[in-house]
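Each chain is listed here by its residues.
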Amino acid sequence: MIETLILKGDAVELIDQRILPLAFETVRCSNADEMAQAIRDMVVRGAPAIGVAAAYGYALEAQLHSTASTPSFLSAMEVAAECLLNSRPTAVNLAWAVKRMQAVQAQHLPVGIAACAQALLSEAISLHQQDIRINQTMGQHGAALLPDGARVLTHCNAGALATAGYGTALGVIRAAVESGKRIAVFADETRPFLQGARLTAWELMQDRIPVTLITDNMSGYLMARGEIDAVVVGTDRVTANGDVVNKIGTYMVAVLAQRHNIPFYVACPVSTLDLNTPTGAEVPIEERSAQEVLGFAGVRWAPEGVAVRNPAFDVTPAALVTAIITERGIVHQPDRAGIARLMQSL
Ligand code: MRU
């Protein structure tokens, strides 16, 4: 299995997703600041993966201050939390993971700083392992929705590389394949960062799952010809009303899917559901550097001085979503009541 992030001694090694598949290299992070930088630069990306990465960043920082006095430990950890929370704004998993680490810290502080730092490291490791198990369970739920022989379109990369392992959308596809179904995937290229062309195509090829790469403007043509049976994507945040915030271009795919009566499925862990944000309109959408649109890997194709917009995510209204697949089960035609019921389950 692809190991997006690995704890090695006093650091975490991340697969450098900026250069895949042309090169396979890793980046070492040994404190919160280095981890926040890696998240911002998209060395590691994808909502669940940046949640686990932030938890490790926080835990590694705690290790560095494990012999400090309580006040200086607390102030260092506050700076660490701020720095990680500010690295990327859209995926709620990052804030979820940092809050969870802060709760573990508050719980263990009375037993001493060294023990507290140790508890934080154990928590990060357990979040890492849990994420893989969650994805496998989610995959089993979602696999039942895909018929044998399905041709499935996905957008961006919601695979092992976007999680601690196995993937959300690609986890559903993997589970369907593991259950013996023949599944063929169409991967949207996903401009401008090319997560589909570089990461999804590479990841599926590693697993020998049939994948065909298309550019983002080809899916309508294929849908109109009856060549796509289902869409499965991941998400960075699902709001209380069931709106889905995901990689820029997802909304376009959802509108097309509805036009052609193709089911549009979203796979995510429950930690991606955000009951505190009423609708997609309130979610902060990250705007990234113009350089990502002007060219790629040092090659520039747009004229000097042209104006650029680069929103990294968009909002798919709940009404366009056929079902949300989670580790706790499936919410069909998601709405406020369905999302609330899922959060209350267990
Ligand atoms: O900008 P990215 O590459 O971090 O965006 C990733 C996505 O939009 C994914 O679809 C989402 O995080 C779900 S990943 C399981």
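All residue numbers refer to position in the chain's written sequence, counted from 1. Predicted model: local features are reported for residues with pLDDT of at least 70 only, side-chain atom pairs are reported and counted for 80 or more only, and whole-chain, interface and lining totals are derived from all residues. Side-chain metrics in this entry use all non-hydrogen atoms of the structure; hydrogen atoms and water are not considered.

Participant: Got a minute to help me understand the state of the cysteines in this structure?
Facilitator: By definition, a disulfide links the sulfur atoms of two cysteines through a covalent bond. Cysteine sulfur pairs qualify as disulfides if the two atoms are within 2.5 Å. According to the stated counting rule, one finds 0 disulfides in the structure shown. No disulfide involves cysteine 29; its sulfur sits 11 Å from that of cysteine 83, the nearest cysteine. Exposure remark for cysteine 29: the relative accessible area of 1% places this residue in the buried category. Take cysteine 83: its relative accessible area is 17%, and that puts it in the buried class. A simple rule labels every residue: compare its accessible area, found with a 1.4 Å probe on the protein chains alone, to the largest value its type can have, and call it buried under 20%, exposed over 50%, or partly exposed in between.

Participant: Would you mind going over the sheet that holds strand 8 (residues 237-239) with me for this structure?
Facilitator: Either a parallel or an antiparallel arrangement is found when strands of a sheet pair, and the pairing is made through backbone hydrogen bonds. Strand pairing is assigned whenever DSSP identifies at least 2 bridges connecting the two strands. Where helices and strands are cited, they refer to DSSP runs of H or I of at least four residues and of E of at least two residues respectively, numbered from the N terminus. Ordered in space as 11-8-9-14, the 4 strands form an open sheet in which the pairing is mixed. Every interior strand has two partners, whereas the edge strands, strand 11 (273-274) and strand 14 (313-316), have only one. Judged from the 2 bridges that link them, strand 8 and strand 9 (residues 244-247) form a sheet pairing that is antiparallel. The residue bridging valine 238 from the neighbouring strand is valine 244, located in strand 9. The criterion used for residue contact is that any of the two residues' heavy atoms lie within 4.5 Å. For helices, the fitted axis covers only the stretch in contact; all axes are lines through C-alpha atoms, and the angles between them, taken along N-to-C directions, range from 0 to 180 degrees. Taken strand by strand, helix 9 (residues 250-259) contacts strand 9 and strand 14, and its axis lies near 30° from that of strand 14.

Participant: Any chance you could explain the pattern of salt bridges here in plain terms?
Facilitator: Any two side chains of opposite charge can pair, on the condition that their charged atoms come close. When a carboxyl oxygen of Asp or Glu is within 4 Å of a side-chain nitrogen of Lys or Arg, the pair counts as a salt bridge. Scanning the entire structure with this criterion turns up 15 salt bridges. Ionic pairing is found between aspartate 148 and arginine 182, a salt bridge with its closest N-O pair at 2.7 Å. Residue aspartate 148 is located in the loop between helix 5 (113-143) and strand 4 (151-154), and its partner arginine 182 is located in the loop between helix 6 (169-178) and strand 5 (184-188); the two are separated by 34 residues in the primary sequence. For arginine 182, a relative accessible area of 58% translates into the label exposed.

Participant: Please clarify how the environment of glycine 280 should be interpreted in this entry.
Facilitator: For glycine 280, the position within the fold is in the loop between strand 11 and helix 10 (291-294). With a relative accessible area of 2%, glycine 280 lands in the buried category. For the pair glycine 280 and arginine 40, spaced 240 residues apart in sequence, the C-alpha separation works out to 22 Å. Other than its neighbours up to four places away in sequence, glycine 280 contacts Thr239, Asn241, Asp243 and Val315.

Participant: Explanation requested: the side chain of threonine 163 in the structure shown.
Facilitator: Within the element layout of this structure, threonine 163 appears in the loop between strand 4 and helix 6. Its relative accessible area of 1% is what places threonine 163 among the buried residues. Under the rule applied, a polar contact is a pair of N or O atoms within 3.5 Å (in protein, one hydrogen donor and one hydrogen acceptor; residues adjacent in sequence only if both atoms are side-chain atoms). Among the polar contacts made by the side chain of threonine 163, one reaches the side chain of asparagine 135 at a distance of 3.5 Å. If near-sequence neighbours (up to four positions away) are discounted, threonine 163 is found in contact with Thr4, Leu5, Pro48, Ala49, Asp131, Asn135 and Thr168.

Participant: Sorry if this is basic, but what is going on with the packing of aromatic side chains here?
Facilitator: What counts as a ring pair is set by centres within 6.5 Å for rings of Phe, Tyr and Trp (its six-membered ring), and what kind of pair is set by the plane angle: stacked under 30 degrees, edge-to-face over 60, tilted for all other angles. Inspection of every chain in the model, using the stated rule, returns 1 aromatic pair. Both rings, one in phenylalanine 24 and one in tryptophan 202, keep their centres 6.3 Å apart while their planes meet at 35°; by these two values the pair is tilted. With a gap of 178 residues between them, phenylalanine 24 in the loop between strand 2 (11-15) and strand 3 (26-29) and tryptophan 202 in helix 7 (residues 195-206) connect regions that are remote in the sequence. If you follow arginine 198 out to its NZ or CZ, it ends over the ring of phenylalanine 193, 5.0 Å from the centre. In our convention, an over-ring charge means Lys NZ or Arg CZ found within 6 Å of a ring centre and within 35 degrees of that ring's normal. One Lys or Arg, lysine 247, reaches over the ring of phenylalanine 313 and ends 4.2 Å from the middle of that ring.

Participant: I tried to follow the domain arrangement of the protein chain on my own but got confused; where do I start?
Facilitator: The parts lose accessible area when they come together, and the size of an interface is often stated as this lost area. Domain ranges listed in this record stem from an automatic or a database domain assignment. For the protein chain, the assigned domains read domain 1 (5-136) and domain 2 (143-344). Computed over C-alpha atoms only, the centres of domain 1 and domain 2 are separated by 25 Å. Listed by partner, the interface residues are 30 residues for domain 1 and 31 residues for domain 2. Computed with a 1.4 Å rolling probe, the buried area is the accessible surface lost when two parts are put together, summed over both parts. Together domain 1 and domain 2 conceal approximately 2,600 Å² of surface at their shared face, both sides included; 59% is due to carbon and sulfur atoms. A per-residue breakdown of the area domain 1 buries against domain 2 is headed by Arg45, Thr90 and Asn135, which together make up 23% of the total. At the junction of domain 1 and domain 2, the tally comes to 1 salt bridge.

Participant: I tried to follow the site of the ligand on my own but got confused; where do I start?
Facilitator: Being near a molecule or strand, for a residue, means having at least one of its heavy atoms within 4 Å of it. Close contacts around the ligand come from 19 residues, with Arg88, Gln195, Asp236, Asn246 and Lys247 the closest. Residue aspartate 236 places a side-chain N or O atom 2.8 Å away from an oxygen atom belonging to the ligand. Within the side chain of asparagine 246, a nitrogen or oxygen atom sits 2.6 Å from an oxygen atom of the ligand. A 1.4 Å probe and the Shrake-Rupley method give the accessible areas. Residues count as covered only by the protein chains that appear here. Within the complex, the protein chains bury 99% of what would otherwise be the 420 Å² of accessible surface of the ligand.

Participant: Explanation requested: the pairing of strand 9 in the structure shown.
Facilitator: Two faces belong to every sheet, and in a regular strand the side chains alternate between them. Count of turn residues in the strand 8/strand 9 antiparallel hairpin: 4 residues, of which glycine 242 carries a positive phi of about 95°. When strand 9 meets strand 14, the two strands line up antiparallel, connected through 4 bridges. Counterpart to valine 245 in the pairing with strand 14 is valine 315.

Participant: I keep staring at the packing of helix 1 (residues 32-40) against helix 2 (residues 47-64) and nothing clicks. Help me out?
Facilitator: In helix packing, the relevant descriptors are the interaxial angle and the interaxial distance, both defined with respect to the helix axes. Running from amino to carboxyl end, helix 1 crosses helix 2 at an angle of 160°, the nearest separation of the two axes being 8 Å. The orientation of helix 1 relative to helix 2 falls into the category roughly antiparallel. You can see that helix 1 and helix 2 cross each other, and the crossing is right-handed. The residues of helix 2 that touch helix 1, namely those facing Ala32, Asp33, Met35 and Ile39, are Ile50, Ala53, Ala54, Tyr56, Gly57 and Glu61. Class assignment of the residues belonging to the contact of helix 1 with helix 2 gives a composition of 7 nonpolar, 1 polar and 2 charged. Oblique is the label for any angle not under 35 degrees, not over 145, and not in the 65 to 115 range, which are roughly parallel, roughly antiparallel and roughly perpendicular in turn. Each crossing gets its hand from how the near helix is turned against the far one by less than a right angle, where anticlockwise is left-handed and clockwise is right-handed. Under the scheme applied here, ten amino acids are nonpolar (Ala, Val, Leu, Ile, Met, Phe, Trp, Tyr, Cys and Pro), four are charged (Asp, Glu, Lys and Arg), and all others, including Gly, are polar.

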